[in-house]
Amino acid sequence: MASNFSIKHQPGFTAIAATCFVVLYLPIIVLVIYAFNAATSTSEWGGFSLKWFQSAYQNTQVIDATLRSFQIGAIAAVLSTIFATMAALATTRTNSYPGLTFKYAAINQPLMVPEIVTAVALLIFFSRVKIFTGYSGLGYLIAAHTAFCIPFAYLPIRARLENMDLTLERAAADLYATPWKTFRRITLPLLWPGILAGLMLAFVISLDDVVITEFVKSGGQDTLPTYMLGQIRRGITPEINAISTAFLLLSVAIVTLFFFVSRKRD
Amino acid sequence: MATAEEVAKAAERRDVRDRWLLSAPALLVILLAATGPLLIVVVYSFLAPGAYGDVKWQFSSDAWTSVFLERDIFDDTLSLAAAHVTIFWRSIKLAGVTTLATLALGFPTAYFMATRSEKTRDLWLFLITIPFWTNLLIRTFAVLQIIRNEGIINTILLKLGIVSAPVQILYTDTAILIGMAYVYLPLMVLPIYASMEKLDFRLVEAGYDLYATRFRVLWRIIFPLVKPGVIAGSILVFIPALGAYVTPSILGGGKNMMLSNLIELQFGQGRNWPLGSALSITVMIIVMVALLAYVRNASKSGVRHG
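No experiment lies behind these values; they were computed from the predicted model shown. (Residues numbered from 1 in each chain as written. Chains lettered and ligands numbered in written order. Predicted model: local features only at pLDDT ≥ 70, side-chain atom pairs only at ≥ 80, totals over all residues.)

Undergrad: Teacher, can you tell me more about the overall build of chain A here?
TA: Across its full length, chain A carries eleven helices and zero strands. The order of α-helices and β-strands along chain A, N terminus first, is α-α-α-α-α-α-α-α-α-α-α. For 266 residues, the compact-globule estimate of 2.2 N^0.38 gives 18 Å, and the C-alpha radius of gyration of chain A, at 23 Å, exceeds that figure by more than 25%. When the backbone C-alpha atoms are referred to their principal axes, chain A occupies close to 80 × 70 × 30 Å. The 266 residues of chain A split such that 44% are buried. Here the contacts in chain A between residues at least 6 apart in sequence split such that 78% fall between residues at least 24 apart. (Helix = DSSP H or I, 4+ residues; strand = E, 2+ residues; numbered from the N terminus. Rg over C-alpha atoms; globule rule 2.2 N^0.38 Å. Buried ≥ 20, exposed ≤ 12 C-beta atoms within 10 Å, placed from the backbone. Contact = placed C-beta atoms within 7 Å.)

Structure below.
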């Protein structure tokens, strides 16, 4: 009797877990299947077709919004990763110094406030700045995205740095390497996986944002998510399924890459 | 050797200064495009609304009064603003129930994942991470297609003859609840799993050696040990659920507003920016209270488990 008594067993837990995994994936799978539906209605199956992908591809609004999403995402991800790397270097591998706790709090602040509150705050602030400067370009969206991407980019970079001791850097300094050379030849190569993970995380976070973009954007500045939100509110066509499927594929690709980059030890 | 001491002190000062310079860009961007504007919201909440949106620059506490109260236009008496109270209550209730639902589903899931062999654990973690990083809007849209009247659930129920007309789930509070539980579930599983992974099963074994039942082991040994993860998960679900915008906008329809929709309304058709600001600050205060409770709880359990 004792031999088949498993200490790890809890009644019903495996069933609940299995249900969770099925429930997590089922709606996404249905969404993808209906992207290939030939029927115009989203409620019946009219055979396999790629026509909704084609129609999305020929929709200039979709292409515009996609390109804008990539543009904002790329710039915001690169900027936030650079800033987060610098901030991580400044806040790790040191004894506590005045202001260190403040820095942690400030960098993580965007995570603590509900998105809707930040969105409203930026709407108010940027509308003032717009009147004052007359500029109404993509700069506002890029600034907002950079700000909320920093804490995400900071996370893996800081984690990586905390696992690196200063031995190699000290050795380099002993051998008369300049601080810059030490950074380029020692710190940066060791830190690289963390930076890469931060960059991908920031890009995904920027690409996924709906709320802040929805409030900050000026007319004609739809990103792919805000365009989709508008379409879904108006009524759905399988074209949204097709766009979602393409978007999904991209996210999964980035996450897979991220998973391998951040799992690789040294 | 006073000079050596002075040199060391100067080096330390330089180090601290360099560290401030290094973190300056990140701090500046966050100050300009995240933290700073929050202070402007506080200012705006004490101003009068402009006729076409924005504000008039004169002091007014009307916005704060009308967060929970409304003035009768005939006899000027104040009464509870039923519409606002309803929306506050609905948001807190839905966020709370979402937290409990994700906990009830997420805890066993995290336990299941943590008790797999070390090799397959990564696979399960990966499977939970994918929905986590998938666009929230797309996941909400996926739920919409499942629960609407022509969706899979209703089609199956109709075909099996269980119901004669489609069950109206979409555009109800239940729809928002299902949607939020669905999109926030990974946020609950991940921190609990992180705690669970470190769980020392020798303690569980000791419990069984002392004739504890499965439930007793779960409740008295496992649960207390992974409590920090449970609290972290609850906070991670509760905060975004309280301020949720996308899910109620898509699944709730026009009538079932949550706080964020009410706030949006004030900046759009409502043209009452001060009220919108006051409501935003109120949401933030609720979140801060929840976070403080978390920090206090976390430091308490930190002492107990070393």
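Undergrad: Hey, could you run me through the domain arrangement of chain B in this one?
TA: A common way to report how large an interface is uses the accessible area buried once the components associate. Residues and elements named next belong to chain B. With domains assigned, chain B is organised as domain 1 (2-78) and domain 2 (81-304). Computed from C-alpha coordinates alone, the two centres of domain 1 and domain 2 are separated by 30 Å. The interface is formed by 19 residues belonging to domain 1 together with 14 residues belonging to domain 2. Contributions of two or more residues to the side of domain 1 that touches domain 2 are made by helix H1 (2-44), strand S1 (47-49), helix H2 (62-68) and strand S3 (69-71). Broken down by element, the residue count for the side of domain 1 that touches domain 2 peaks at five residues, all from H2. (Domains from an automatic or database assignment.)

Undergrad: Any chance you could explain unusual backbone geometry here in plain terms?
TA: Leaving glycine out, the prevailing phi sign among residues is negative, and the prevailing peptide bond configuration is trans. Located in the positive-phi region is Arg93(A), a residue other than glycine, with phi close to 50 degrees. Looking at the secondary structure, you find Arg93(A) in the loop between helix H3 (60-91) and helix H4 (100-112). At Arg271(B), a position not held by glycine, the phi torsion is positive, near 50 degrees. Tracing the chain through its elements places Arg271(B) in the loop between helix H12 (259-267) and helix H13 (273-304).

Undergrad: Just to check I follow, could you spell out the pairing of strand S2 (residues 55-59) of chain B for this structure?
TA: Taken residue by residue, a regular strand's side chains alternate between the two faces of the sheet. Judged from the three bridges that link them, S1(B) and S2(B) form a sheet pairing that is antiparallel. Bridged to Ala48(B) within S2(B) is Lys56(B). (Pairing = 2+ DSSP bridges.)

Undergrad: Explanation requested: helix H9 (residues 214-225) of chain B in the structure shown.
TA: When the terminal C-alpha atoms of H9(B) are compared, their 16 Å separation across twelve residues agrees well with the 16 Å that a helix rising 1.5 Å per residue should span. Against helix H8 (201-209) of chain B lie the buried residues of H9(B). (Expected span 1.5 Å × (residues − 1).)

Undergrad: Quick question: what am I supposed to make of the packing of helix H4 (residues 118-133) of chain B against helix H7 (residues 173-197) of chain B here?
TA: A packed helix pair is summarised by two numbers, namely the angle formed by the two axes and the spacing between the axes. Residues and elements named next belong to chain B. At their nearest, the axes of H4 and H7 sit 9 Å apart, and the two run at 140 degrees to each other. Between H4 and H7, the angle falls in the class oblique. Relative to H7, H4 is oriented so that their crossing is left-handed. Taken together, the residues of H7 that come into contact with H4 (itself represented by Ile128, Pro131 and Phe132) are Pro186, Val189 and Leu190. For the contact of H4 with H7, a count of residues per class yields six nonpolar, no polar and no charged. (Axes fitted to C-alpha atoms, helices over the stretch in contact; angles between N-to-C directions. Parallel < 35°, antiparallel > 145°, perpendicular 65-115°, else oblique. Left-handed = near helix turned anticlockwise from the far one by under 90°. Nonpolar A, V, L, I, M, F, W, Y, C, P; charged D, E, K, R; others polar.)

Undergrad: Just checking my understanding: could you explain the interface of chain A and chain B for this structure?
TA: Chain A puts 68 residues into the contact, and the matching count from chain B is 68 residues. Contributions of two or more residues to the side of chain A that touches chain B are made by helix H1 (13-35), H3, H4, helix H5 (115-133), helix H6 (139-162), helix H8 (179-208), helix H10 (224-234) and helix H11 (238-263) of chain A. The dominant element in the side of chain A that touches chain B, judged by the number of residues it contributes, is H1(A), at twelve residues. Its residues placed into classes, the side of chain A that touches chain B shows 52 nonpolar, twelve polar and four charged.

Undergrad: Can you walk me through the environment of Arg296(B) in this structure?
TA: Positionally, Arg296(B) belongs in helix H13. Arg296(B) sits 98 residues away from Lys198(B) along the chain, and the two C-alpha atoms are 22 Å apart.

Undergrad: Could you clarify how one ought to interpret the environment of Ala290(B) in this entry?
TA: Residues and elements named next belong to chain B. Topologically, Ala290 is positioned in helix H13. Of the residues examined, Ala290 has 15 C-beta atoms within 10 Å and is grouped as partly exposed. Among all residues touching Ala290, those that are not within four sequence positions of it are Ile235, Phe238 and Ile239.

Undergrad: Before we go on, may I ask you to explain the environment of Ala82(B) in this structure?
TA: Within the element layout of this structure, Ala82(B) appears in helix H3 (residues 82-114). Sequence spacing of Ala82(B) and Ile263(B) is 181 residues, and the spatial spacing of their C-alpha atoms is 16 Å.

Undergrad: Is there a simple way to explain the packing of H3(B) against helix H10 (residues 227-242) of chain B in this structure?
TA: Residues and elements named next belong to chain B. The contact between H3 and H10 brings their axes to 9 Å, and the two run at 145 degrees. Between H3 and H10 lies a crossing whose hand is right-handed. On the side of H3, the interface is formed by Ser91, Ile92, Leu94, Ala95, Thr98, Thr99, Thr102, Leu103 and Gly106, while H10 contributes Val230, Gly233, Ser234, Val237, Phe238, Ala241 and Leu242. Class assignment for the residues of the contact of H3 with H10 results in nine nonpolar, seven polar and no charged.

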